[in-house]
Amino acid sequence: MPKSKRNRPVTLSKTKKKPGLERKGKVVTEIKQAVEQYNSAYVFTYDNMRNQKLKDLREQLKSSSRIFLAGKKVMQIALGRSPADEAKTGLHKLSKFLQGDSGLLITNLPRDDVERLFREFEEHDFARTGTTATETVELKEGPLEQFTHEMEPFLRKQGLPVRLNRGVVELVADHVVCEEGKPLSPEAAQTLRLLGIQMATFRLYLVCRWSCDNFEVYKEGLVHLGAHDSS
């Protein structure tokens, strides 16, 4: 009779920690260390995240701050979720705001500098599939002289009614690429990129701020956080 798999022995000495658990533990440690090193912490939310732009911002602030975008529970554990387990007095108040699209800024920068940085931060980029169109874009019948003749097959794949007319790409009928307020299809997102039209703006909004003697909530950021959380 074959042996049952349930009774198969397991050598515990050979088991390894899951890489994910090690990463989470490292993030918790880094956040706790940052809280000790810096004097204030902020929860922020964002629109149209762009990883390279965030990397650039991290580099810009590396002498004064740390930015964390990790799992919400991981960040909550690091800060503490109640007065009993918080890393510093009052720090657990940040945890309940770590929801939806949110992150942590832990910094030595003065409050006014942080608020100005977030207020002025704005990076425009091409919108991705699913992004809500900020305007209606319609192409009129006629030549599309910005495109070479080699582009004609690709444009047709994006749904544009085009043909070659004496080597010039020509739109044979008016064509609506996207409509304001509606999500972009993959074809629309690609066409807008080809047209050089940027509809995405990477923005950051402060949600709340903690320091050893103060805690406050930013109404505008709270509105954006709520919109992300309900979507």
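This text goes with the structure placed above it.
Residues numbered from 1 in each chain as written. Predicted model: local features only at pLDDT ≥ 70, side-chain atom pairs only at ≥ 80, totals over all residues. Heavy atoms only, no water.

**Student:** What exactly am I supposed to notice about the overall build of the protein chain here?
**Tutor:** The secondary structure content of the protein chain amounts to 7 helices and 11 strands. Each of the 231 residues in the protein chain was classed as buried or not, and the buried ones make up 39%. Taking as baseline every contact in the protein chain between residues at least 6 positions apart, the subset at least 24 positions apart corresponds to 75%. Roughly 14400 Å² of accessible area belongs to the protein chain as shown, and the carbon and sulfur atoms make up 49% of that amount. (Helix = DSSP H or I, 4+ residues; strand = E, 2+ residues; numbered from the N terminus. Buried < 20%, exposed > 50% of the residue type's maximum accessible area, 1.4 Å probe, protein only. Contact = heavy atoms within 4.5 Å. Areas by Shrake-Rupley, 256 points an atom, 1.4 Å probe, with all protein chains shown as cover.)

**Student:** What is the right way to look at the nonpolar core in this model?
**Tutor:** General note: in soluble globular proteins, nonpolar side chains tend to be found buried as a group. Judged by nonpolar contacts, the single largest core of 22 residues is most densely connected at Ile-31, Val-43, Leu-79, Leu-94, Leu-104 and Ile-106. The set of elements that each furnish at least two residues to this core consists of α1 (19-37), β1 (40-47), α3 (72-79), β3 (102-107) and β10 (200-211). Beyond its immediate stretch of four places on either side in the chain, Ile-31 contacts Phe-68, Met-75, Ala-78, Leu-79, Leu-104 and Ile-106. The next biggest cluster of nonpolar side chains, apart from the first, holds 18 residues, and it includes Ala-127, Val-137, Phe-147 and Val-169. (Core = buried A, V, L, I, M, F, W, Y, C linked by side-chain atoms within 4.5 Å.)

**Student:** Got a minute to help me understand the pattern of salt bridges in this structure?
**Tutor:** One side chain can pair with another of opposite charge once the charged atoms of both are near each other. The full count for this structure, using the stated rule, is 14 salt bridges. The shortest N-O distance in the salt bridge between Glu-123 and Lys-53 comes to 3.7 Å. Of the two residues, Glu-123 is situated in strand β4 (residues 122-125) and Lys-53 in helix α2 (residues 51-61); the sequence distance between them amounts to 70 residues. Residue classification places Glu-123 among the partly exposed residues on the basis of a relative accessible area of 29%. Take Lys-53: its relative accessible area is 29%, and that puts it in the partly exposed class. Its salt-bridge partner being Glu-216, residue Arg-209 comes within 3.7 Å of it at the nearest N-O pair. Each member of the pair, Arg-209 as well as Glu-216, carries the same accessibility label: buried. (Salt bridge = Lys/Arg side-chain N within 4 Å of Asp/Glu carboxyl O.)

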